[in-house]
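Coordinates in review
Okay, here's what each chain looks like letter by letter:
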Amino acid sequence: MAEKEVLMQIKDLSVTYETRLGPVSAVEGVSFDILKGEILGLVGESGCGKSTMGKALMRMIQPPGRISSGKLIFDGEDIMTYDENQMRDFRGRKISMIFQDPMTSLNPVQRVDEHLVEAIQVHEPKTKPSDALGRSNTLMERLGIQKQRMKNYPHQLSGGMRQRVMIGLGLVLNANLIVADEATTSLDVIVEAKLVDQLKEIRDEFGVTLLVITHNIALVAEISDRVAVMYAGHLVELGTVEKIFDNPLHPYTYGLLSSVPNIKLDEREELYKMGGEPPNLTHPPKGCRFHPRCPKAMPICETIEPQFQEVARGRFVKCWLYENHPDKTTKKIEVAA
Ligand SMILES: Nc1ncnc2c1ncn2[C@@H]1O[C@H](COP(=O)(O)OP(=O)(O)O)[C@@H](O)[C@H]1O
Ligand SMILES: [Mg+2]
């Protein structure tokens, strides 16, 4: 596979929510790259910080939350330095986000064509309304929304069609990155499968990059080129979909995969079941946040946080099994490329 260019670099990103019970560390010290034209799956249990991460990439975290640290470098520019005007232009034009329930993002009293034309006019004031309409109709037809549907209001459309309108809103402005947060979760299985196929076609046809956020590991296997695994606000593993599924490195990834039927893991550990509950993020465990549930935990895991590091080409993991103990008391596992 040819080396892909980097579209967005996320560096040491942390997001905190201030709550009555204290600060919630929903994303902490996360660093990774999003590559141009890839479909990157972001997976993890409910509450691990996936949506927070997706919103943070667009700087859409609302109070009581805030990005407490980090750089977000998009096409070479750190968007953390942008003012609100620059950000408004950036959102929609460069990154667009689609959610589980598109009704919350669509204006109920605006027709489909009006949504698209307005989006174009906000970001490209010089485009004539008739051109904007023509462009919208052509695009939506390619997404399988017929012309007569363009006059419908959001509530007159099916869930799958509404999601395609949301995708269209990103594509009509030539967004480089689409973040889909549980976008297929509320659809029935057949509609979901169709939308998944369509997302892949869209990537191929428009060359857009997709970050697909989901708790559904089977969906991630189906759609992604690379997979990022999140646990309790940390990124714990990242790699190609083949490597992650053939040879998961982090014990959490292993547990996550073994909870899915039809994924064949090492037979000796087939009965591996992850016990316990995800931690409360107001008081995350010290050291590795997974250690209380980890069948491989060592004493060091309880006190010192492992680094998220590249252990083989393109494979990242945050786990003491793959790092040398500072006292050299354990030997790290070498990962073949
Ligand atoms: N607006 C908010 N106020 C306080 N805490 C929040 C808020 N939004 C999310 N959180 C907390 O941040 C953590 C991560 O949430 P979220 O990003 O929604 O996870 P996921 O999308 O993986 O389910 C959770 O502990 C959640 O309770
Ligand atoms: Mg979520």
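As the structure is a computational prediction, the values presented were derived from the model and not from experiment.

1. Quick look at the overall build of the protein
- When helices and strands are counted, the protein shows 9 helices and 12 strands.
- Each principal axis of the C-alpha atoms in the protein carries an extent, and together these give about 70 × 45 × 40 Å.
- For the protein, the proportion of its 337 residues judged to be buried stands at 39%.
- The long-range fraction of contacts in the protein, counting pairs at least 24 apart against all pairs at least 6 apart in sequence, stands at 63%.

2. Focus: helix H6 (residues 189-206)
- A rise of 1.5 Å per residue sets the reference length of H6, with its 18 residues, at 26 Å; its end C-alpha atoms lie 25 Å apart and thus fit the reference within 8%.
- Here H6 has its buried residues at Glu192, Leu195, Leu199 and Ile202. Viewed along the axis of H6, the buried residues span an arc of 75°, placing them on a single side of the element. Along H6, exposed side chains directed more than 90 degrees from the buried face belong to Val189, Ile190, Asp197, Glu201, Asp204 and Glu205.

3. Some details on the site of ligand 1
- In the neighbourhood of ligand 1, 15 residues make up the surrounding shell, with Tyr17, Ala26, Lys50, Ser51 and Thr52 lying closest.
- Of all the secondary-structure elements, those providing two or more residues to the shell around ligand 1 are strand S1 (6-19), strand S2 (22-35) and helix H1 (50-57).
- Ranked by the residues each element gives to the shell around ligand 1, the list is headed by H1, at 3 residues.
- For the shell around ligand 1, the residue count by class is 6 nonpolar, 8 polar and 1 charged.

4. Some thoughts on the domain arrangement of the protein
- Parsing the protein into structural domains produces domain 1 (6-230) and domain 2 (233-322).
- Taking only C-alpha atoms, the centre of domain 1 and the centre of domain 2 are 27 Å apart.
- Opposite the 26 residues of domain 1 that make contact, domain 2 presents 22 residues.
- Ranked by the residues each element gives to the side of domain 1 that touches domain 2, the list is headed by S2, at 10 residues.

5. Topic: the sheet that holds strand S12 (residues 315-318)
- Strand order in the open sheet made by the 8 strands is S6-S7-S8-S3-S9-S10-S12-S11, with mixed pairing throughout. Sheet topology places strand S6 (95-98) and strand S11 (308-312) at the edges, where each strand pairs with a single neighbour. Across the sheet, the mean angle from the axis of one strand to that of its neighbour is 20°, orientation sign disregarded.
- One ladder, built from 2 bridges, connects strand S10 (residues 234-240) with S12; its direction is antiparallel. Bridge pairing in S12 places Glu237 opposite Val317.

6. So, the packing of helix H3 (residues 112-123) against helix H4 (residues 129-142)
- In contact at an axis separation of 9 Å, H3 and H4 are set at 120° when each is read in the N-to-C sense. The pairing of H3 with H4 is recorded here as oblique in orientation. Handedness of the crossing formed by H3 with H4: right-handed. Where H3 approaches H4, its residues Asp113, Leu116, Val117, Ile120 and Gln121 are matched on the opposing element by Pro129, Ala132, Leu133, Arg135 and Ser136.
- Across the contact of H3 with H4, the residue classes break down as 6 nonpolar, 2 polar and 2 charged.

7. Topic: the sheet that holds S2
- Pairing is antiparallel across the open sheet formed by 4 strands, whose spatial order is S2-S1-S4-S5. Each having just a single partner strand, S2 and strand S5 (77-78) make up the two edges of the open sheet.
- One ladder, built from 8 bridges, connects S1 with strand S4 (residues 65-74); its direction is antiparallel. Bridging from a neighbouring strand, Thr16 pairs with Arg66 of S4.
- Here H1 sits on the sheet in contact with S1, S2 and S4, set at roughly 65° to S2.

8. Some thoughts on unusual backbone geometry
- In this structure, the amide linkage connecting Pro63 to the following residue, Pro64, adopts the cis form with an omega of 10°.
- For Arg59, which is not glycine, the phi torsion reads 55° and is therefore positive.
- Here Arg59 falls in the partly exposed class, since 16 other C-beta atoms lie within 10 Å of it.
- Non-glycine residue Asn174 carries a positive phi angle of around 55°.
- For Asn174, the position within the fold is in the loop between helix H5 (159-171) and strand S7 (177-181).

9. Some words on the packing of H5 against H6
- Running from amino to carboxyl end, H5 crosses H6 at an angle of 15°, the nearest separation of the two axes being 11 Å. Considering their axes alone, H5 and H6 lie roughly parallel with respect to each other. For the element pair H5 and H6, the recorded crossing hand is right-handed. Of H6, the residues touching H5 (which contributes Gly159, Gly160, Gln163, Ile167 and Leu171) are Val191, Lys194, Leu195, Ile202 and Phe206.
- Considered class by class, the residues forming the contact of H5 with H6 number 6 nonpolar, 3 polar and 1 charged.

10. Focus: the pairing of S7
- Of all 5 residues in S7, 4 are buried, a share of seventy percent or more.
- Both S6 and S7 contribute to a ladder of 4 bridges, which runs parallel. Bridge pairing links Ile98 to Ala180 in S7.
- Direction of pairing for S7 relative to strand S8 (residues 209-214): parallel, over a ladder of 5 bridges. Among the inter-strand pairings, Leu177 is bridged to a residue of S8, identified as Thr209.
- In this fold, the crossover linking S7 to S8 by way of H6 has right-handed handedness.

About the cut-offs
Residues numbered from 1 in each chain as written. Chains lettered and ligands numbered in written order. Predicted model: local features only at pLDDT ≥ 70, side-chain atom pairs only at ≥ 80, totals over all residues. Helix = DSSP H or I, 4+ residues; strand = E, 2+ residues; numbered from the N terminus. Buried ≥ 20, exposed ≤ 12 C-beta atoms within 10 Å, placed from the backbone. Contact = placed C-beta atoms within 7 Å. Expected span 1.5 Å × (residues − 1). Arc of directions from axis to C-beta. Near = placed C-beta within 6 Å. Nonpolar A, V, L, I, M, F, W, Y, C, P; charged D, E, K, R; others polar. Domains from an automatic or database assignment. Pairing = 2+ DSSP bridges. Axes fitted to C-alpha atoms, helices over the stretch in contact; angles between N-to-C directions. Parallel < 35°, antiparallel > 145°, perpendicular 65-115°, else oblique. Left-handed = near helix turned anticlockwise from the far one by under 90°. Right-handed = clockwise from strand over helix to strand, strands pointing away.

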